[in-house]
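Coordinate analysis (summary)
The chain contents come next:
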Amino acid sequence: MSGFAGCFHFEDSKSKADCQYLGRLGHSIEHRGEAGQADWISESGSVGVAFRDAAAQRAGNANQPAFSSDGSLVVVFDGTIYNAHDIKQELLASGNADFSGEPTQYDIVAQALRVWGIEALTRFRGVFAIAFWDEREKALWLIRDRVGAKHLYFRKTENKIVFANELKAILADPECPIEIEEEALYHYMTFQASPAPLTFLKSISKLQSSSWLRVDTSGNVKSGRYWDVFDDLNPRVNVSHKDLSESLIAKLRDSVKAASHADTPVGVLLSGGVDSSVNAKLLSEESDQPVKSFTAGYAGDYDPTGEMNRKGASYANEIDYARMMAERSHITYCEKMLTMDEVIEGLPKMIWHLDEPVADPGAVPLFFLGQLAHHEGVAAFQSGEGADGLFLGTAGAQKLRKLQHLDGMPIPRAFKALGLSAMQSMGKSDTFAYERLRRTVNNEAVFWSGGETFTHEQKLRILSPRLREQFKGFSSWEAVRDIRTRFEDRAWEKSPLAWMTYVDLNLRFPDWLLMRIEKMAMASGVEARFPFLDHHFIQFMMSIPEVDKVGDGTLKYLFKMGARGLIPDDIIDRPKQGLGLPVHEWFFDKLGDVARESLKNFCAQTDLYDLSAVEALAQRREADHAHNTRQYYALMNVALWWDGVQENSALLRAA
């Protein structure tokens, strides 16, 4: 787990890499580790990299960059290859390894890329972002792991490409313009994050998950995908539910074991839900020493069954379930109780570390959990992230699956169009029911993401008159269209549930869920790992027919069947709740003041939101329910992010 940034000047460029420039880039990512620092510049001066490292996890304690045995490849790397030992043995057995002493995982990665080229990626198991310079081909390669747990940003101009595993490092370049990408903002309002390759800054892109990018000395760019979940997948048809559930737990146990790879103890996030509880239990069984678990709650009493909740309010604490699970599994329990004041104080720092806005209050407790883990001496923790998308884990997803099924029925398009017109006449064109019917009329998938915030009509109402006109004939289907095409081309079963999981794997997971937790953990130099999103486990889940995954209709049917006897039944059978905070109530207090002031300033500085529409949303939020609160929180995040970008980029460039 480390930070890296660098530049590659093309053959016609009059500039070269220099230590002062690399130092500025490296300074921006020092929170990723100060144990190891190194800058490297090629002999020609065309390529340079800055590296910062948290160091604790690897044998040898060697700094990067790493070099292949013949010196032709120079590699910088963020993440962990869980099967590095197996790859080393394969290299040694083939006679293609020439390691001096005990190699680090970085040395192994460098040699694997030297021997097998880009095909080496098919052997890697883990989470990683990689940049490497090939001196033989005079080419730079950028690579992102299969599910997008790690991130990789770049800015290409006529003369050079700048790259980093955090966007803020590219902002440290004085030549980088600071201008909001309006299409990213538009999609963010649907997906809660900007979908790759877009970022919130017009001149910066991010690499998509499962992808590589190659740039040569002329500045020519090639890109490709090296993995898809349907590659080499063997459908598990006509298998009993008992056998499937037992195999599921066995596969997950293997993923947990693989993700526990480290020279120091690995902790676990424990929310008190079934996903994190099973994760914690399996990790404790794999560990030869007590596992530390980390839980976040909030101070104060917000009644989740009271009148406020019927208006869309409260978020119930889960700490009692987390404590119970820790006690019964002999896991060391560590908790953080959050107050509104410390959340407000920390918001600017959190949003800055996210690199881009994420319209999800769940990022807030993750930031404090990263600090808690670091304080407890844990350099990596496992999370249950991704389980809901694989197991059909929420009532909302179940409802959307049924709607997707209905969309496949032979209902004449004309009838659907009549229904659309009827809803328009009743003034319901800004509802999600209208939005989903509109998609069926346009022959689009009903399900786009497991966490949509605004409908198309709601977005147009919030956006400024200029953007309203600009995006009038546009749709966030543009961010989904290519994913749908790949699904239709590759899926062995084109069921609604298979589609829902596939689009989340390609959009929601890498661009939202994994971004929030990876960035919030690494703000404290802690690495997050995701056993449920290990590619072997994902492929196992995608090999199961929909009818078997759904079973008797119980959410997470097969998973809960396998979890019986592993964790307490009262955790398995309790209602689903995600990680969050009582934001609704806090908006009636000091957080509301922060939101109003930041949004007022943002609207005055930019021509992106309609202030009157934003204020109207605030009034509806106060009179209505939690969905309007989530929308308001999403808008506030953009405003706070923009303040941070302007202030912090100036500081980085002055460093």
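Use the structure listed above.
Right, let's talk about the overall build of the protein for a bit. Within the protein, the secondary structure is distributed over 27 helices and 17 strands. Taking 2.2 N^0.38 as the reference for a compact globule, 655 residues should give roughly 26 Å; the C-alpha atoms of the protein span a radius of gyration of 24 Å, in line with that estimate. Its C-alpha atoms put the protein at 70 × 60 × 50 Å along the principal axes. A total of 655 residues make up the protein; the buried ones form 62% of that total. Considering only residue pairs separated by 6 or more positions, the protein has 73% of its internal contacts joining residues 24 or more positions apart. In the protein, 73 side chains carry a positive charge and 90 a negative one; their mean positions are 3 Å apart.

A cis geometry characterises the amide bond from Ala 196 onward to Pro 197, with omega recorded as 10°. Residues other than glycine seldom take positive phi values, yet Asp 232 does so here, at roughly 50°. Phi is positive for Asn 238, close to 60°, though the residue is something other than glycine. For Asn 238, the position within the fold is in the loop between β12 (221–225) and α6 (241–259).

Turning next to the packing of α6 against helix α20 (residues 535–542). Running from amino to carboxyl end, α6 crosses α20 at an angle of 165°, the nearest separation of the two axes being 9 Å. Between α6 and α20, the angle falls in the class roughly antiparallel. As for the relative orientation of α6 and α20, their crossing is left-handed in sense. Counting all contacts with α6, which are made through Leu 244, Ser 247, Leu 248, Lys 251, Leu 252 and Ser 255, the residues of α20 involved are Phe 537, Phe 540 and Met 541.

Taken as a class, soluble globular proteins show a tendency for nonpolar side chains to be buried jointly. Phe 124, Ile 130, Leu 347 and Tyr 609 are the most contacted members of the largest nonpolar core, which totals 193 residues. The element that contributes the greatest number of residues to this core is helix α19 (residues 496–522), accounting for 16 residues. In terms of nonpolar packing, the next biggest core, distinct from the first, is built from 20 residues, Leu 142, Leu 152, Phe 163 and Leu 207 among them.

Let us look at the pattern of salt bridges. Tallying each qualifying case throughout the model produces 51 salt bridges. A salt bridge links Asp 78 to Arg 32; its shortest N-O distance comes to 3.0 Å. Of this pair, Asp 78 sits in strand β5 (residues 73–81) while Arg 32 is found in the loop between α1 (19–27) and β2 (36–41), placing the two residues 46 residues apart along the sequence. Comparing Asp 78 with Arg 32 shows no difference in burial state: the two are buried.

This brings us to the pairing of β5. For β5, a buried count of nine out of nine residues is recorded, marking the element as mostly surrounded by other parts of the structure. The sheet contact formed by strand β4 (residues 66–67) and β5 spans two bridges and is antiparallel. If you follow Phe 67 over to β5, its bridge partner there is Val 74. A loop of five residues connects β4 with β5, the two strands running antiparallel in sequence, and Gly 71 in this loop sits at a positive phi of about 75°. Relative to strand β6 (residues 126–134), β5 runs antiparallel, the two being bridged by nine bridges. Counterpart to Val 76 in the pairing with β6 is Ala 131.

Moving on, we get to α19. Its axis deflected by about 60° at Phe 509, α19 carries its strongest bend there, up to four residues before the proline Pro 510. Of all 27 residues in α19, 27 are buried, a share of seventy percent or more.

To continue, consider the sheet that holds β4. On the basis of which strands lie adjacent, the open sheet formed by six strands has the order β4-β5-β6-β7-β11-β12 and antiparallel pairing. The open sheet has two edge strands with one neighbour each: β4 and β12.

On to the sheet that holds strand β14 (residues 292–298). The strand order across the open sheet built from five strands is β15-β14-β13-β16-β17, with neighbouring strands paired in parallel fashion. One side of each edge strand has no neighbouring strand; the edge strands of this open sheet are β15 (332–338) and β17 (527–529). Direction aside, neighbouring strands of the sheet carry axes that sit 30° apart on average. Judged from the three bridges that link them, strand β16 (residues 380–382) and β17 form a sheet pairing that is parallel. Bridged to Gln 382 within β17 is Arg 529.

Packed helix pairs are specified by the crossing angle of their axes together with the interaxial distance, meaning the distance between the axes. Put simply, α6 and helix α7 (residues 274–286) touch, their axes get as near as 9 Å, and they point 65° apart. Handedness of the α6/α7 crossing: right-handed. For the pair α6 and α7, contact is made by Leu 252, Arg 253, Val 256 and Lys 257 and by Val 278, Asn 279, Leu 282, Leu 283, Glu 285 and Glu 286, respectively. In terms of residue class, the contact of α6 with α7 is built from five nonpolar, one polar and four charged.

What counts and how
Residue numbers restart at each chain and count upward from 1, following the sequence in its written direction. Where local features are concerned, this predicted model is filtered to residues with pLDDT of at least 70; where side-chain atom pairs are given and counted, the filter is 80 or more; whole-chain, interface and lining totals use all residues. Only hydrogens and water are set aside; all other atoms, that is, all heavy atoms of the structure, feed into the side-chain values. The way it works is that DSSP assigns letters per residue, a run of H or I at least four long becomes a helix, a run of E at least two long becomes a strand, and they are numbered from the N terminus. Only C-alpha atoms enter the radius of gyration; for comparison, a globular chain is expected to reach 2.2 Å times N to the power 0.38, where N is the number of residues. Three exposure classes are used, based on accessible area relative to the maximum for each residue type with a 1.4 Å probe and protein chains only: buried under 20%, partly exposed in between, and exposed over 50%. Whether two residues are in contact is decided by their heavy atoms, any of which lying within 4.5 Å being enough. Neither His nor the chain ends contribute to the count of charged residues, in which Lys and Arg are positive and Asp and Glu negative. Here the site of a charge means atom NZ of a Lys, CZ of an Arg, CG of an Asp or CD of a Glu. Here an axis means a line fitted to C-alpha atoms, over the contact stretch when the element is a helix, while the angle between two N-to-C directions is reported on a 0 to 180 degree scale. To sort the angles, those under 35 degrees are grouped as roughly parallel, those over 145 as roughly antiparallel, those from 65 to 115 as roughly perpendicular, and the leftovers as oblique. Crossings are assigned a handedness: left-handed for a near helix turned anticlockwise from the far helix by less than a right angle, right-handed for a clockwise turn. The definition of a nonpolar core used throughout is a set of buried Ala, Val, Leu, Ile, Met, Phe, Trp, Tyr and Cys residues joined through side-chain atoms within 4.5 Å. What counts as a salt bridge is simple: a side-chain nitrogen of Lys or Arg found within 4 Å of a carboxyl oxygen of Asp or Glu. In this scheme, strands are said to pair when DSSP sees at least two bridges between them. To obtain the bend at a residue, axes are fitted to the seven residues ending there and to the seven starting there, and the angle between these axes is taken. Each residue is assigned to one class: nonpolar for Ala, Val, Leu, Ile, Met, Phe, Trp, Tyr, Cys and Pro, charged for Asp, Glu, Lys and Arg, and polar for all the others, Gly among them.

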